[in-house]
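# Observations on chain architecture
So the chains spell out like this:
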Amino acid sequence: MKVLFVSSEVFPLIKTGGLADVSGSLPIALQRLGVDVRLLMPGYPAVLNKLTDLHEIAVLENLPVINTATLLMGVIKDTQVKVMVIQSASLYERDGGPYADANGMEWLDNPVRFGILSKVAAILSGANSPVKNWQPDIVHCNDWQTGLAPAYMKLVEQSPAKSMISLHNMAFQGCYAPTWLSTLALPRTNFTLEGFEYHGQLSFLKAGIFYADAITTVSPSYAKEIQTPAFGFGLEGLLSKRGDEIKGILNGIETDEWNPATDEYLIAKYSAEKLAGKKLVKRALQERLGLHIDADAPLLGIVSRLTHQKGLDMLVPIMQDLIDAGCQLALLGNGDTQLENAFRHIAINNLGRVSVTIGYNEPLSHQVMAGCDMFIMPSRFEPCGLNQLYGLAYGTPPIVNATGGLADSVIDTNIITYKNKTANGFVMSEASSASLLHCIKQALNIFKNDAAAWRQIQKNGMLQNLSWDKSALEYLAEYEKLVKPI
Ligand code: ADP
Ligand code: GLC
């Protein structure tokens, strides 16, 4: 089984969020199952710098706009995963992030940057591929950035390979003016409702959903939610037409990267059996962030994009109640300026109790995850979410809203779940500040008054198998269905 896994971000090469985590770790688990997997991604400077054994394998010709590009191949050092890279200085070699410049302004040529990523995926799967010794059976696309690949495969390249698209977030769709159709050499006849037209625009994500042979999302609950107006972002109609086919597969975590027993960013290591080190990590975190050193103060953690999706605005009005209840807060994140400022303001007024770090910081994200007592994630929608899984693995019980992958991975603590040892966190009854406060107070009650019960909840999460092994098997089963239809 040969799989071309196409993604716009891959950890540890380049990352803005969970998509990179998945693209970095699922291929490793697939490799372990014997799948011959290669990644395909744009040649951003960080990618060219970090890959080892990078060499040219082909010249790509007849591409829209840029005409030619070089196809390189390298490996990710520690895992030996093979990565094919599209090298085009004019498209990808610039300062800033994968989607936007340093000021957060989206690159105006994103339709070309990701149109080319999609086009190259399609070319590599077709009869005209310049790579003769490796042809994929499956092209596995991820999110809107790769959405045109299934369309190019079916409509232009007449590719014999099958396509799959995994939906990581319906909120981002890649919709652009119809003038891009001719620029990207897409057939105008398919710019219709039964094609890639969406309210008069060219929609990359709709193209993927419409033309892919298989659709997956990153949790079973999200697979159902996206077929409703509240979560489908306008594509619920199309999705519900293919409703029965949409398979929800919960993400796993990369246990080499996210494991408190081996985590290189922690001053002390710990495990479910030996939790003592977590106290040292908490102390070091309090010290690093200028919080009062206090082993008993419940330390709440957040690592997140600060956007409407993540629901952290619900925390602002209840922060005073939590501080009055003796809590500390360690927040790491960036995003909406207004929300960044609201949290900055709370931190300034509560020195020693609230620490707010605006920015992106990989080592600190591990330290917050490990050093805090509880992890706060009140997302309004969450396709899967990885941070709550990291919280479970690190003995930092997550406090979450009941949506998407959060609902599928966090089991609320009550008499029954406590007794049968499945309780691993706390689940809000609705997305509101009042419900969030209520939920955190329930957690605080156990944390402060029943150390044995708290330890049990921590252990229940830490002893779960959160690795990719089970989910990778589910992806493999979906690949097999495509290649050998029943
Ligand atoms: P999403 O992809 O929607 O942002 P996920 O929970 O799936 O949410 O994944 C987020 C990933 O990004 C996690 O690995 C998390 O640790 C990381 N992350 C988010 N914000 C930051 C930040 N400010 N600094 C470091 N890592 C971050
Ligand atoms: C998206 C989602 C997040 C998910 C991640 C990886 O960024 O917002 O919930 O965990 O993709 O699948």
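Predicted, not measured: the structure shown is a model, and the values here were computed from it.

### Some remarks on the site of ligand 1
Near ligand 1 you find 21 residues, and of these Lys-15, Gly-18, Asp-21, Arg-305 and Gly-359 are the closest. Here Leu-386 contributes a backbone N or O atom positioned 2.9 Å from an oxygen atom of ligand 1. Within the side chain of Asn-387, a nitrogen or oxygen atom sits 3.2 Å from an oxygen atom of ligand 1. Against a free-state accessible area of 570 Å², the protein chains account for coverage of 94% of ligand 1. Elements supplying a minimum of two residues to the shell around ligand 1: helix 1 (18–32), strand 13 (299–306), strand 14 (328–335) and helix 15 (387–393). The dominant element in the shell around ligand 1, judged by the number of residues it contributes, is strand 13, at three residues. Among the residues making up the shell around ligand 1, the classes are represented as six nonpolar, ten polar and five charged.

### A short note on unusual backbone geometry
Put simply, Phe-11 and Pro-12 share a cis peptide bond, and its omega is 5°. Summarising the element assignment, Pro-12 is placed in the loop between strand 1 (2–6) and helix 1. With a phi close to 45°, Gln-158 is a non-glycine residue in the positive phi region. You will see that Lys-421, though not glycine, has its phi angle at about 60°, which is positive. Mapping Lys-421 onto the fold places it in the loop between helix 17 (415–419) and strand 18 (426–427). Judged by its relative accessible area of 51%, Lys-421 falls in the exposed class.

### Points about the site of ligand 2
The environment of ligand 2 is made up of 14 residues, and the closest members are His-168, Asn-251, Glu-382, Cys-384 and Gly-385. Contacts to ligand 2 include His-168, whose side-chain N or O atom sits 2.7 Å from an oxygen atom. Here Gly-385 contributes a backbone N or O atom positioned 2.7 Å from an oxygen atom of ligand 2. Within the complex, the protein chains bury 92% of what would otherwise be the 310 Å² of accessible surface of ligand 2. When residues in the shell around ligand 2 are grouped by element, the largest group, three residues, is from helix 1. The residue makeup of the shell around ligand 2, split by class, is six nonpolar, six polar and two charged. Two domains each provide a minimum of three residues to the shell around ligand 2, namely domain 1 (2–252 + 469–483) and domain 2 (276–465).

### Notes on the packing of aromatic side chains
The relative placement of two aromatic rings is captured by the distance of their centres and the angle of their planes. Throughout the structure, instances matching the rule amount to 13 aromatic pairs. Taking the centre distance of 5.6 Å and the plane angle of 70° together, the rings of Trp-144 and Phe-204 count as edge-to-face. Residue Trp-144 is found in the loop between strand 6 (138–142) and helix 5 (148–156), and its partner Phe-204 is found in helix 7 (residues 204–211); the two are separated by 60 residues along the sequence. For Phe-204, a relative accessible area of 0% gives the class buried. Taking the centre distance of 5.6 Å and the plane angle of 75° together, the rings of Tyr-176 and Phe-204 count as edge-to-face. Residue Tyr-176 is found in strand 8 (residues 175–176), and its partner Phe-204 is found in helix 7; the two are separated by 28 residues along the sequence. In this structure, Tyr-176 and Phe-204 share a single accessibility class: buried. Here the aromatic residues Tyr-99, Phe-114, Trp-144, Tyr-176 and Phe-204 are joined through ring pairs into a cluster of three or more.

Conventions adopted
Residues numbered from 1 in each chain as written. Chains lettered and ligands numbered in written order. Predicted model: local features only at pLDDT ≥ 70, side-chain atom pairs only at ≥ 80, totals over all residues. Heavy atoms only, no water. Near = heavy atom within 4 Å. Polar contact = N/O pair within 3.5 Å; in protein donor to acceptor, adjacent residues only side chain to side chain. Areas by Shrake-Rupley, 256 points an atom, 1.4 Å probe, with all protein chains shown as cover. Helix = DSSP H or I, 4+ residues; strand = E, 2+ residues; numbered from the N terminus. Nonpolar A, V, L, I, M, F, W, Y, C, P; charged D, E, K, R; others polar. Buried < 20%, exposed > 50% of the residue type's maximum accessible area, 1.4 Å probe, protein only. Domains from an automatic or database assignment. Phe/Tyr/Trp six-rings, centres within 6.5 Å; stacked < 30°, edge-to-face > 60°.

Any link to function would need more than the numbers given here.
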